[in-house]
Amino acid sequence: MNRFIECVGVGKIYPGKTENVEALRGIDLVCDAGEFVCLLGRSGCGKSTLLQMMAGLERPTSGQIAVAGRELDGPSPDAAVVFQDHGLFPWMTVQKNVEFNMKARGAKAAERAKVARHFLDMTSLTGFADRYPHELSGGMRQRVGIARALTTEPKALLMDEPFGALDAQTRGRLQDELLQIWEKQRTTVLFVTHSIDEALLLADRILVFSPRPGRIAADIRVDLPRPRASQSAGFSALARELRGLVGADRDID
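What counts and what doesn't
- Residues numbered from 1 in each chain as written.
- Predicted model: local features only at pLDDT ≥ 70, side-chain atom pairs only at ≥ 80, totals over all residues.
- Heavy atoms only, no water.
- Salt bridge = Lys/Arg side-chain N within 4 Å of Asp/Glu carboxyl O.
- Buried < 20%, exposed > 50% of the residue type's maximum accessible area, 1.4 Å probe, protein only.
- Helix = DSSP H or I, 4+ residues; strand = E, 2+ residues; numbered from the N terminus.
- Contact = heavy atoms within 4.5 Å.
- Pairing = 2+ DSSP bridges.
- Axes fitted to C-alpha atoms, helices over the stretch in contact; angles between N-to-C directions.

Trainee: What should I look at first to understand the pattern of salt bridges in this one?
Mentor: Side-chain pairs of opposite charge can arise where the charged atoms are in close proximity. Counted by the stated rule, this structure contains 12 salt bridges. Residues Glu22 and Arg25 are paired through a salt bridge, measuring 2.7 Å at the closest nitrogen-oxygen approach. Given a relative accessible area of 36%, Arg25 falls into the partly exposed group. Among the salt bridges present, the one from Arg112 reaches Glu99, with a minimum N-O distance of 3.3 Å.

Trainee: How should the side chain of Thr187 be read in this particular structure?
Mentor: By secondary structure assignment, the location of Thr187 is in the loop between α5 (168–185) and β8 (188–193). The buried category is assigned to Thr187, whose relative accessible area is 8%. What Thr187 contacts, discounting residues up to four positions off in sequence, is Gly34, Glu35, Pro154, Lys155, Ala156, Leu157 and Trp182.

Trainee: Where do I start with the sheet that holds strand β1 (residues 3–14) in this structure?
Mentor: Pairing between the strands of a sheet comes from backbone hydrogen bonds, and it takes one of two forms, parallel or antiparallel. Taken in spatial order, the four strands of this open sheet run β2-β1-β4-β5, and their pairing is antiparallel. The open sheet has two free edges, formed respectively by β2 (21–32) and β5 (70–71), since each of these has just one partner strand. Bridge analysis of β1 against strand β4 (residues 62–67) gives five bridges, and the strand direction is antiparallel. Considered in β4, the bridge of Glu6 is made with Ala66. On the sheet, helix α1 (residues 47–54) packs against β1, β2 and β4 and is oriented at approximately 120° with respect to β1.

What follows is the structure, encoded as structure tokens:
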């Protein structure tokens, strides 16, 4: 496998009014091209901070982050980010929202429309191109956000709890759809979650974060065949191991 994202000694300290807050300390990790990696841990352990630094949206206080062999000094052209808040423009149709990143990069109208239609089809949004965000369900709005991220053909998809605000049924459906897209595209995915079951359903590897300052407490490989059944013995055994690592009796929502 080829190393695609690499963090060496990464730390992050935020200045405070009375004292500084150390969010992350000594993060060393390698993510290979095409891997699906989940960052798992309790709220406030620095998972989202690390994801934003890997996207180039924040700078580390210490250490280095490289994407595709280049040290980051700003937003990475090789990565796209999907947040829990999908960030759609309410005055734009679904089609225009999905085309937005391509338009910003100078793509011509005909090409934008063609690519947008392709990813709308891929994310089960066929027939909704002329709708506005307020006319869609939460799950559909999140699909639009994923489609928009995919239009620039990113080599890495960085996802910050994208399904956290959805009901269980919609969340499960989008998890399945995300895996189908990943299996087709083989984009490198880093996915932040605080759900043990979600991490086990999705990931090749799970990086377990300790409480603040966030550190990688464990790197667990998930050698279970897909699609995965949460009732299987292997799934249950890994879930028990992860609960022990994060100190939770159940999912840590």
